[in-house]
Amino acid sequence: EVQLVESGGGLVKPGGSLRLSCAASGFAFSSYTMNWVRQAPGKGLEWVSSISSSSNYIYYTDSLKGRFTISRDNAKNSLYLQMNSLRAEDTAVYYCARVPCSGGTCPLDYWGQGTLVTVSS
Amino acid sequence: QSVLTQPPSASGTPGQRVTISCSGSSSNIGSKSVNWYQQVPGTAPKLLIYSNNQRPSGVPDRFSGPKSGTSASLAISGLQSEDEADYYCATWDDSLNGWVFGGGTKLTVV
């Protein structure tokens, strides 16, 4: 069974940092492109970042302006999101999601249950 | 402002057929496959339709997803109370090098 389990969310002050993790199981993690997608309270889905299977291709949504860094450890079947200089508008549930191939040919087919990040003083 | 445009709400009665539209551009829907997600509030999105009109295992054939040019639609026939949820269209955008989503449509079964 495919499982994606996010962790690391919580309450952080504006300007602070947080590192999210996503533990994968039930599939060949090293063969999949992985993504972070977020959803602000009461709002729609927003793609955050994507990393290819070997970390050769990494993309971010333009609005992040270099504050977030995506990475992965295929030996540990884990995906990460380092978030720095956090702002109130980063408050959201953060989901990790896998894609069987790159370039948009395949869908984001499995999603984790999400972890809530709250940025507030 | 979402890259893909969806109506914010839709409604129907049990047994009825409803459609939800999704409009994009040549760099996304016009050149890539469209996927649809169902999200019950408080839960993670679930893949409903992929590659424009394919259904993952377990998704009933009441759901279908035609695409034409730079627009796509999600059609739900034989509407049921459990279909009440938020629905999102999504695709890859070659200009942005990222996934883009519609703003979501809240479906109410009255």
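Predicted model, so just to flag it, every value in this text is computed and none were measured.

**Some points on the overall build of chain A**
Argument step 1. Of the regular secondary structure elements, chain A holds 0 helices and 11 strands.
Argument step 2. Its helices and strands in sequence order give chain A the pattern β-β-β-β-β-β-β-β-β-β-β, from N to C terminus.
Argument step 3. A globule of 121 residues ought to have a C-alpha radius of gyration of about 14 Å, and chain A, at 14 Å, matches this closely.
Argument step 4. Across its three principal axes, chain A shows a C-alpha extent of roughly 40 × 25 × 25 Å.

**Digging into the layout of surface pockets**
By rolling a water-sized probe across the atoms, one finds the places where empty space is left.
Argument step 1. Empty space within the largest pocket amounts to approximately 590 Å³.
Argument step 2. Together, 28 residues line the largest pocket, and Leu45, Glu46, Trp47 and Thr61 of chain A together with Gln1 of chain B are the ones closest to its centre.
Argument step 3. Looking at the lining of the largest pocket, the elements with two or more residues in it are strand S4 (33-39) and strand S5 (45-51) of chain A together with strand S9 (98-101) of chain B.
Argument step 4. It is S9 of chain B that contributes the most residues to the lining of the largest pocket, 4 residues altogether.
Argument step 5. Tallied by class, residues from the lining of the largest pocket come to 10 nonpolar, 10 polar and 8 charged.
Argument step 6. Each pocket or cavity is described by its volume, and for the second largest pocket that value is around 300 Å³.
Argument step 7. The wall of the second largest pocket is formed by 20 residues, among which Gln39, Gly42 and Lys43 of chain A together with Asp86 and Tyr88 of chain B lie closest to the centre.
Argument step 8. Going through the elements one at a time, strand S9 (92-99) of chain A together with strand S8 (85-93) of chain B are the ones with two or more residues in the lining of the second largest pocket.
Argument step 9. By residue class, the composition of the lining of the second largest pocket is 8 nonpolar, 9 polar and 3 charged.

**Some words on the interface of chain A and chain B**
Argument step 1. On the side of chain B, 17 residues touch chain A, which itself brings 21 residues to the contact.
Argument step 2. Of the roughly 1600 Å² buried between chain A and chain B, counting both surfaces, carbon and sulfur atoms make up 64%.
Argument step 3. Here chain A and chain B share 0 salt bridges between them.
Argument step 4. On the surface where chain A and chain B come into contact, there are 6 residue pairs in polar contact (both at pLDDT 80 or more).
Argument step 5. Contributing elements (two or more residues each) for the side of chain A that touches chain B: S4, S5 and S9 of chain A.
Argument step 6. Classifying every residue of the side of chain A that touches chain B gives 10 nonpolar, 8 polar and 3 charged.

Calculation notes
Residues numbered from 1 in each chain as written. Chains lettered and ligands numbered in written order. Predicted model: local features only at pLDDT ≥ 70, side-chain atom pairs only at ≥ 80, totals over all residues. Heavy atoms only, no water. Helix = DSSP H or I, 4+ residues; strand = E, 2+ residues; numbered from the N terminus. Rg over C-alpha atoms; globule rule 2.2 N^0.38 Å. 1 Å grid on protein atoms, 1.4 Å probe; cavity = no way out; pocket = protein on both sides within 12 Å on 5 of 7 lines; lining within 4 Å. Points joined across faces, edges and corners; volume = space filled by probe spheres on them. Nonpolar A, V, L, I, M, F, W, Y, C, P; charged D, E, K, R; others polar. Contact = heavy atoms within 4.5 Å. Buried area = accessible area lost by both parts, 1.4 Å probe. Salt bridge = Lys/Arg side-chain N within 4 Å of Asp/Glu carboxyl O. Polar contact = N/O pair within 3.5 Å; in protein donor to acceptor, adjacent residues only side chain to side chain.

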